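One-letter residues, chain by chain:
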Amino acid sequence: MRRARREAAGTGGCAAARGGGAPRPGVRGGPAAARAAWLRDLCAAMARPPRQCPGPWVQLLLLLLAGPGTCAASPADDGAGPGGRGPRGRARGDAGADEAVPRHDSSYGTFAGEFYDLRYLSEEGYPFPTAPPVDPFAKIKVDDCGKTKGCFRYGKPGCNAETCDYFLSYRMIGADVEFELSADTDGWVAVGFSSDKKMGGDDVMACVHDDNGRVRIQHFYNVGQWAKEIQRNPARDEEGVFENNRVTCRFKRPVNVPRDETIVDLHLSWYYLFAWGPAIQGSITRHDIDSPPTSERVVSIYKYEDIFMPSAAYQTFSSPFCLLLIVALTFYLLMGTP
């Protein structure tokens, strides 16, 4: 009842403000008209029904329910900019862009796809290799033997680094000596530097083929008839390969080294011991032949020679007595029996 009276009073007051009622005493001229206009606006605001604005969480809920289609395009999306593959790109006249490249479904898909393209694909669109390519092992050149490097060949007459039973070459490169070794084995190949032609007290460099297919260069010291591995390894620039049942390697070693019992100074001349044999789980075992070949005289790294040593299978026919016997048998067969 009281509310109805207040509303009636309010309506009446508003009507009076609009000029329907009697003017208030003491209101004259401009100030009275301004107060009437203010009162009229206040009454209109009170008569209007109140509005309720939704809270921010309501707007967020509506946005989630509407789906990713209502989200704005990512700045990384080609369709977001002028001339791209999206709607704005088509507005600029790029009609065939959508047919050539599929559109992204969301800004996250755009980011993930472009990150994959930049991280894992090359400019041609192919995945990057997991590791850089490795240069193949350069074949040993035997034409340089006796000219720009010294060589030792053991095996069949006329053999080379790929057919000899054992092959070694050496040459000076600055303050280093480069060695190349190759042998017909699936285990190891080595060269020893000795003060005599016997095994014992020798500095040995070996190329060992392990079970993983790698060829590693190791340092040994002959204690009697046993080769002891030495952790101090003077080899560098190492490379090796196992192909066609042959172990082949190449490495460098300094000419001058600090005085050490297990590492000789290659500036001096030494007898060279040649050996090769099988390996078990990357560990060397006894060499293939009982008496491995050795150099006939001490070797100087400053003198390049091409020395051939026939293997046991060809040594018989190279002896003077055997040659004389062959000549006698040939003469006998040609002349015939009396």
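Structure first, text after, so check above.
Keep in mind that this is a model prediction, so the values were computed, not measured. (Residues numbered from 1 in each chain as written. Predicted model: local features only at pLDDT ≥ 70, side-chain atom pairs only at ≥ 80, totals over all residues. Heavy atoms only, no water.)

Structural notes on the pairing of strand S10 (residues 271–277)
For S10, the buried fraction is high: 6 of the 7 residues fall into the buried class. When strand S4 (residues 188–194) meets S10, the two strands line up antiparallel, connected through 7 bridges. Bridging across to S10, Phe193 finds its partner in Tyr272. (Buried < 20%, exposed > 50% of the residue type's maximum accessible area, 1.4 Å probe, protein only. Helix = DSSP H or I, 4+ residues; strand = E, 2+ residues; numbered from the N terminus. Pairing = 2+ DSSP bridges.)

Description of the nonpolar core
Tyr166, Leu168, Phe179, Leu181, Phe193, Phe251 and Tyr272 are the most contacted members of the largest nonpolar core, which totals 30 residues. Sorting the residues of this core by element identifies strand S1 (150–155), strand S2 (166–173), strand S3 (176–183), S4, strand S5 (203–209), strand S6 (215–223), strand S9 (246–254) and S10 as the ones contributing at least two each. With 4 residues, S3 is the largest single contributor of residues to this core. In this structure, Leu181 is in contact with Ile140, Tyr166, Phe167, Leu168, Val189, Ala190, Val191, Met205, Val247, Thr248, Cys249 and Phe251, ignoring residues within four places of it in sequence. Trp188, Ala190, Val208 and Phe220 belong to the second-largest nonpolar core, a separate cluster that totals 7 residues. (Core = buried A, V, L, I, M, F, W, Y, C linked by side-chain atoms within 4.5 Å. Contact = heavy atoms within 4.5 Å.)

Observations regarding the pattern of salt bridges
When charged atoms on two side chains of opposite charge get close, those side chains can pair. Evaluation of the coordinates by the stated rule reveals 14 salt bridges. A salt bridge links Arg250 to Glu180; its shortest N-O distance comes to 2.8 Å. Taken together, the residues span a long stretch of sequence, with Arg250 in strand S9 and Glu180 in strand S3 at a distance of 70 residues. Judged by its relative accessible area of 6%, Glu180 falls in the buried class. A salt bridge links Asp260 to Arg232; the nearest nitrogen and oxygen atoms lie 2.7 Å apart. Highlighted residues: Asp260 in the loop between S9 and S10 and Arg232 in the loop between strand S7 (226–229) and strand S8 (236–243), separated in sequence by 28 residues. Assessed through its relative accessible area of 28%, Asp260 is described here as partly exposed. Overlapping salt bridges bring together Lys149, Glu180, Glu239 and Arg250 as one network. (Salt bridge = Lys/Arg side-chain N within 4 Å of Asp/Glu carboxyl O.)

What to know about the sheet that holds S8
Here 6 strands make up an open sheet; going across it, the order is S8-S9-S3-S2-S1-S13 and the pairing mixed. Since the sheet does not close on itself, it has two edges, and those belong to S8 and strand S13 (306–310), each with one partner. Shown here is a sheet whose adjacent strand axes are inclined to one another by a mean of 10 degrees, direction ignored. Here S2 pairs with S3 via 8 bridges, running antiparallel. Within the sheet, the bridge partner assigned to Ser169 lies in S3 and is Glu180. (Axes fitted to C-alpha atoms, helices over the stretch in contact; angles between N-to-C directions.)

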